[in-house]
Amino acid sequence: MDNFTAVILAAGEGKRMKSNTPKVLHKICGKPMLTYVIEAAKGAGAQKVIVIVGEGAELIREAYSGEDIKFVLQKEPKGTGHALMQAEDAVKDSSQIVVLAGDMPLITSESIQGMVRFHLEQKAFATVMTAKVPDPTGYGRIIREGNRVIDIREHKDASPEERAINEINAAFYCFDTASVYSALAKVNNNNSQGEYYLTDVIKILNQEGKEVLAFELKDHVELNGINDRRQLAQVQKIVQQKIIEGLMEEGVTFINPDTCVVESGVQIGRDTLIYP
């Protein structure tokens, strides 16, 4: 497989967490949520991992000191497109980049690998990970023609017909590096937030006649993002269940698994009995 660099967007302020700890350092089963995304990227074969940091940058750098990760600072929060622009120098020797979100820890290395493989086989300029969800409220909708993504319409800008679409933008992408940076140079911030949106790149690539394709994720649970403590608890529950089920498969008995707390990476020998 071609080498790719993973760029993880982790510069969001995380205001809704109401915390002095940067959002991506909040723990899930004993491990910062950002670690899950880094591990998924490395597991998928990323040659390099670049994390874009903003608010709380020093704390995040400190948490990963000594690890093989490069940090890039986004000084002002001017949107996802602007965040990726900051990494241009750091990714210039990679032909493909994969963009991931630091607050979406359930993404698996298999899904990332699947997207990259699809992207390369189809010789796409950009591949957008999508998923069909029961309730698409608040998400960007995928406007497509066949397998091609024509546009990503934000919920607030969508027409009633577009709002009826249940295929959403997962906010994970695979890009041809040169193409995405030439498109980013054309993105403007004429919007209500005054931000540079990464989704605008999709429109620009389409205008240039460069193919943008959809890679549909089978399990939309992987797209659970974390913006507040309630969502943190929901994701913790999903990860906890996976850990316990994995241990059961290895021969551990849990009398009442719902009452047990087991951190990520804990090893338990077979025929062990865990009481409530």
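Anyway, here's the lowdown on the structure attached to this text. As the structure is a computational prediction, the values presented were derived from the model and not from experiment. (Residues numbered from 1 in each chain as written. Predicted model: local features only at pLDDT ≥ 70, side-chain atom pairs only at ≥ 80, totals over all residues. Heavy atoms only, no water.)

Another aspect to go through is the packing of aromatic side chains. The geometry of an aromatic ring pair comes down to the distance between the two centres and the angle between the two planes. Inspection of every chain in the model, using the stated rule, returns 2 aromatic pairs. Where F118 meets F215, the ring centres are 5.7 Å apart and the plane angle is 45 degrees; that geometry is what we call tilted. In this pair, F118 sits in helix α5 (residues 109-121) while F215 sits in strand β11 (residues 212-216), placing the two residues 97 residues apart along the sequence. Judged by relative accessible area, F118 falls into the buried class, the value being 15%. Overall, the relative accessible area of 17% leaves F215 in the buried class. Where Y173 meets F175, the ring centres are 5.4 Å apart and the plane angle is 15 degrees; that geometry is what we call stacked. (Phe/Tyr/Trp six-rings, centres within 6.5 Å; stacked < 30°, edge-to-face > 60°. Helix = DSSP H or I, 4+ residues; strand = E, 2+ residues; numbered from the N terminus. Buried < 20%, exposed > 50% of the residue type's maximum accessible area, 1.4 Å probe, protein only.)

On to a nonpolar patch on the surface, then. Together, I255, L273 and Y275 line one region of the surface with nonpolar side chains, adding up to about 320 Å² of accessible area. With respect to the helices and strands, the residue L273 is situated in strand β13 (residues 273-274). For L273, a relative accessible area of 42% gives the class partly exposed. (Patch = residues over 30% accessible without salt bridge, like charges linked within 9 Å, V, L, I, M, F, W, Y side chains within 5 Å. Areas by Shrake-Rupley, 256 points an atom, 1.4 Å probe, with all protein chains shown as cover. Salt bridge = Lys/Arg side-chain N within 4 Å of Asp/Glu carboxyl O.)

We note that A171 has phi near 70 degrees; this positive angle belongs to a residue other than glycine. Position of A171 among the secondary structure elements: in strand β10 (residues 167-176).

Let's shift gears to the side chain of N206. As for its position among the elements, N206 is in helix α8 (residues 200-207). Overall, N206 belongs to the buried group, its relative accessible area being 16%. In this view, N206 contacts R148, V149, I150 and V212; residues no more than four positions away in its chain are not counted. (Contact = heavy atoms within 4.5 Å.)

Let's shift gears to the environment of I165. Take I165: it is sitting in the loop between α6 (160-163) and β10. Taking the relative accessible area as the measure of exposure, I165 reaches 25% and is therefore partly exposed. Leave out the neighbours within four places in its chain, and I165 touches P136, R141, I142 and I143.

Time to look at the nonpolar core. Formed by 59 residues in total, the largest nonpolar core has its most connected members in I28, L34, V51, L100, I112 and F172. Residues V72, V99, V149 and Y181 belong to the second largest nonpolar core, which totals 32 residues. (Core = buried A, V, L, I, M, F, W, Y, C linked by side-chain atoms within 4.5 Å.)

With that settled, consider the pairing of strand β9 (residues 148-153). Examined bridge by bridge, strand β8 (residues 141-145) and β9 share 5 bridges and lie antiparallel to one another. Looking at the pairing, I143 lines up with D151 of β9. Counted between consecutive antiparallel strands, the loop separating β8 from β9 contains 2 residues, among which G146 sits at a positive phi close to 60 degrees. (Pairing = 2+ DSSP bridges.)

Within this structure, the stated rule accounts for 13 salt bridges. Here K15 ties to E13 by a salt bridge, and the two come within 3.5 Å at their closest N and O atoms. A relative accessible area of 62% places K15 in the exposed class. Across the pair K31 and E39 runs a salt bridge, and its minimum N-O distance is 2.9 Å. Assessed through its relative accessible area of 18%, K31 is described here as buried.

Following both chains from N to C, one finds helix α7 (residues 177-184) and α8 inclined at 105 degrees, their axes separated by 9 Å at the closest point. It follows from the interaxial angle that α7 and α8 lie roughly perpendicular. Between α7, through S179, V180, A183 and L184, and α8, the contact on the second element is made entirely by V201, I204 and L205. Of the residues assigned to the contact of α7 with α8, the class counts are 6 nonpolar, 1 polar and no charged. (Axes fitted to C-alpha atoms, helices over the stretch in contact; angles between N-to-C directions. Parallel < 35°, antiparallel > 145°, perpendicular 65-115°, else oblique. Nonpolar A, V, L, I, M, F, W, Y, C, P; charged D, E, K, R; others polar.)

The pairing of strand β4 (residues 48-53) with strand β5 (residues 70-73) spans 4 bridges and is parallel. Within the sheet, the bridge partner assigned to I52 lies in β5 and is V72.

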